[in-house]
Amino acid sequence: METLASTKEAPTNSTAQSVSGSVAVLEALLAEKVDTIFGYPGGAIMPIYDALYDYNEKLRHILVRHEQGAIHAAQGYARASGDVGVVFATSGPGATNLVTGLADAQIDSTPLVCITGQVFAHLLGTDAFQETDVINITTPVTKWNYQVTDATEIPSVLAKAFYIARSGRPGPVLIDITKNAQMQLFDYTGYTPCNHIRSYRPKPIVRKEYIEEAAKLINAAERPFVVFGQGVILGKAEKEFRQFIEKAGIPSAWTIMGMSAIPTDHPLGVGMLGMHGNYGPNLLTNECDVLIAIGMRFDDRVTGRLDKYAKQAKVIHLDIDPAEIDKNVKATVPVWGDCKETLPALTELIEQKVYPQWLQRFRDCREKEEEKVIREELNPSGDVLTMGEVIRVLNELTGGDAIIVTDVGQHQMVACRYAQYNKSKSNITSGGLGTMGYALPAAIGAAYGDPSRTTVAIIGDGGFQMTLQELGTIMQFKPHVKILILNNSFLGMVRQWQQLFHENRYSFVNITSPDFVQVAKGFGISGKSISKREEVRTALKEMLDHPGSFLLEVMTGKENNVFPMVPQGRGVAEIVLTREEV
Amino acid sequence: MSKAEYTITVYTENQIGLLNRIAIIFSRRKINIDSLNTSPSEVDSVHRFTIVINETEEVVRKLCRQIEKQVEVLKAYYNTAEEIVWQELALYKVPTEVIQAEVKVERLLRQYGANAVVIRKDYTVFEVAGHREETDRLIKVLEPYGLIEFVRSGRVAIIKDSEGFHEKLKEFEYREPGEDTIENEFLDQNEKVFTM
Ligand SMILES: Cc1ncc(C[n+]2csc(CCOP(=O)(O)OP(=O)(O)O)c2C)c(N)n1
């Protein structure tokens, strides 16, 4: 049996004991301080589940209702806790059900270790019952994957898996273990965590000369602008980031993934970037003279048309992943490295500054946006409820301390635009993949990832119907999840596009819903449905005060749109505030 | 930027599935691989890929970064045709009687530097190492004489100014590698500071 070339073998000692591969898997999880597993059993992973029977006290296993639920829950867990999420699934359909979550975690850099059962090694390639080529299916959507056919590899492979998942730019790892390896007894000599793989450089070396060049550019700038992403949160560099912008005095905008790295009411925080982000940050991207991008990857939803993106600016790009530099936007000065290290080095070299006039430009933009969009959204003059006002009242009740998990669509954009966040790791959403059905299971995971906080899942009527089976998980294991369905009776975001760009041709966006309160009741979860403004506050309060999970459905305006908007194919400065301008 | 032929050299761990991981970096972007060769390198346990594509330098640089990002990839380099020495191996199967009968064929084969690998009563197999145009030309030449079968290998290439991988590998084994093991950050060394 060939061992992994780059993995150090565990030291042999005389205390070797004979254990099964399955026990070695669970011992590895304990050694990595895993406390929660999200999973679903099946034929090819039964030996691991059998071993789990004896680990019931040490490892909490949450039985989800669908493997997609398991992996989104693990994602929510990882995002709320800042640690690795762990998933168990069986071979074949169990493993293929993980694919959406792997793709989501890959694009949003979420650390996961997924363990899938596989048919016996001698059956590989025979089209055996529930055999799927999981390694090849998941290769494009994992940071690393590996198939184990011999139990002796398990300790070192799992050590490698955790190391790869959480180090550098984090990401999902999948380990496929054949049933014979799970059952095989071998001499177990203990678990040695991995901290070096010779072919893997989690962090590029920080180059002083580039930090110096970046500082020079920043010190000479007249209208510098910081755009930051999840890298700040993943790098656990919130403090270093704040010190940097506060000394530099630079207005800073977040991507949807970077949101909550600084409190939303930070005086230098000027809002969200992107297609439905705030007016000022989008417009003024094209007026800054130095653009400082930190832990973000210039997604097309952020840049709009690339050839109209910040062409006037010198670009400083800080990122841990060398492949991100120059990928979409050319960097004038690339600053490779972990921002936990590069930011303090940069802070040291920059001058303490303020840019009152430049900051005022953002405030002026904000005022215009308030007047044309925000005021009416948060305090509507009409009768129908807006999603924005629901979020406003939610802010007033939570004070910005809740973890907000959102699904995908209009409600996601509205929640991210208006929700208040005081603490990091408070916004959990499917940013890169835009996976409907993400929120409910992710919220379950978040509730385990940080049980000290209130978790509110904000979901559309469409997305809720994609994974609502996970109400069963809530019923059985009782994590506290506040489910807020913003029901506009449409697949709202798609309807908005059909209205604006397809001449009102509403093609299959009209979606009917069951009685969600009755559905919740069937799962033993209390709920309520409201449609009037005067009910909003008391209903939200009831939801938050309720001991345990609660489902609140709010009927909102059917054809409300999210604005501002950078229409697809246009530049960020072509952001429009109203429907008339589209 | 215009497209040109680039040879990408990748040093990797010997790991099942890695070929797929590397191949999909190209196929995902709908980039055709003109030639691919993979085999053990001069260093124990390290494999070497030689990949030829026709793309702009910018695309090639980005591809190399994506390749290097893979956990089991040690290093990826790219070079233009001028920066490498390269060969492809071609095999030609020709009826033996024709060679015996036609003096011209024998002369042609000698002219192309062909060596006989197998000589049987019914057929003879020749090998030629060279550039694509050369091995192509010999196909044309042999066709009238009843060429039975032809096959060509992927390209193998030596980078002219490379110092091999032995020393570099030692670097990789250190926890704190020297700067040149991560030099791909500077894939574009011509312009030290990038401009838009
Ligand atoms: C799995 C998946 N399928 C389809 C889409 C495309 N899509 C994006 S938003 C959206 C509508 C979502 O509707 P709903 O959940 O009701 O939320 P709303 O936009 O109305 O707030 C759709 C269908 C998607 N993002 N994910």
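One can find the structure itself at the top, above this paragraph.
Quick look at the structure, then.

About the thresholds
All residue numbers here refer to positions counted from 1 along the written sequence of the relevant chain. In the order they appear in the text, chains get letters beginning with A and ligands get numbers beginning with 1. The model is predicted, so local features are restricted to residues of pLDDT at least 70 and side-chain atom pairs to those at 80 or more, both for listing and for counting; the totals for chains, interfaces and linings are taken over all residues. Computation of side-chain values covers all heavy atoms of the structure but excludes hydrogens and water. Two strands form a pair only when DSSP identifies at least two bridges running between them. A helix here means a DSSP run of H or I that spans at least four residues, while a strand means a run of E at least two residues long, and both kinds are numbered starting from the N terminus. Think of each axis as a best-fit line through the C-alpha atoms, taken over the contacting stretch in the case of a helix, with angles from 0 to 180 degrees between the N-to-C directions. In this description, contact between two residues means that some pair of their heavy atoms is separated by no more than 4.5 Å. Here's how the labels work: a residue is buried when its accessible area is under 20% of the maximum for its type, exposed when over 50%, partly exposed in between, all with a 1.4 Å probe on protein chains only. By construction, the arc corresponds to the directions joining the helix axis to the C-beta atoms. To define a nonpolar core, start from buried Ala, Val, Leu, Ile, Met, Phe, Trp, Tyr and Cys residues and group those joined through side-chain atoms within 4.5 Å. How far each domain reaches was decided by an automatic or database domain assignment. Note on ring pairs: Phe, Tyr and Trp rings are taken, using the six-membered ring of Trp, and paired if centres are within 6.5 Å. Classes follow the plane angle, with under 30 degrees stacked, over 60 edge-to-face and the rest tilted. Lysine NZ or arginine CZ positioned within 6 Å of the ring centre and within 35 degrees of the ring normal marks a charge as sitting over the ring.

Residues and elements named next belong to chain A. On the basis of which strands lie adjacent, the open sheet formed by six strands has the order 3-2-4-5-7-6 and parallel pairing. Each end of this open sheet is capped by a strand with a single partner; those strands are strand 3 (60-63) and strand 6 (144-148). The average angle at which neighbouring strand axes cross in this sheet is 20°, direction not considered. Judged from the seven bridges that link them, strand 5 (residues 112-118) and strand 7 (residues 172-178) form a sheet pairing that is parallel. When the bridges of strand 7 are listed, Leu 112 appears paired with Pro 172. Each of strand 2 (36-39), strand 4 (85-89) and strand 5 is contacted by helix 3 (residues 67-81), which is oriented at about 170° to strand 4, the strand it contacts most.

On to helix 4 (residues 103-111) of chain B, then. Residue and element names in this part refer to chain B. Taken together, the buried positions of helix 4 are occupied by Val 105, Leu 108 and Leu 109. Mapping the buried residues of helix 4 onto a view down its axis gives an arc of 95°, with all of them on the same face. Turned more than 90 degrees away from the buried face of helix 4, the exposed residues are Val 103, Arg 107, Arg 110 and Gln 111. Looking at the packing, one finds that the buried side of helix 4 touches helix 3 (96-101), strand 7 (123-130) and helix 5 (132-142).

Residues and elements named next belong to chain A. Counting 103 residues, the largest nonpolar core has Phe 225, Phe 244, Leu 291, Ile 292, Ile 294, Ile 316 and Leu 484 as the members making the most contacts within it. A total of seven residues in this core trace back to one element, the largest contributor, which is helix 15 (residues 356-378). Lining this core are residues from two domains, each supplying at least three of them: domain 2 (208-360) and domain 3 (385-559). Within the second largest apolar cluster, 48 residues are counted, among which are Phe 38, Tyr 77, Val 141 and Leu 551.

To continue, consider the packing of aromatic side chains. What the rule picks out here adds up to 20 aromatic pairs over all chains. Between Trp 497 of chain A and Phe 501 of chain A, the aromatic rings sit 5.7 Å apart at their centres with planes inclined by 75°, giving edge-to-face as the arrangement. Of this pair, Trp 497 of chain A and Phe 501 of chain A both sit in helix 21 (residues 492-501), four residues apart, roughly one helical turn. Measuring from centroid to centroid gives 5.1 Å for Tyr 92 of chain B and Phe 150 of chain B, while their planes differ by 50°, and the two rings are tilted. Residue Tyr 92 of chain B is found in strand 5 (residues 84-95), and its partner Phe 150 of chain B is found in strand 8 (residues 149-152); the two are separated by 58 residues along the sequence. The structure contains a cluster of three or more aromatic residues connected by ring pairs, namely Tyr 11, Tyr 77, Phe 165 and Phe 172 of chain B. The aromatic ring of Phe 490 of chain A is capped on one face by Arg 495 of chain A, whose charged end is 5.7 Å from the ring centroid. Stacked on the ring of Tyr 77 of chain B, the Lys or Arg Lys 75 of chain B has its end atom at 5.4 Å from the ring centre.

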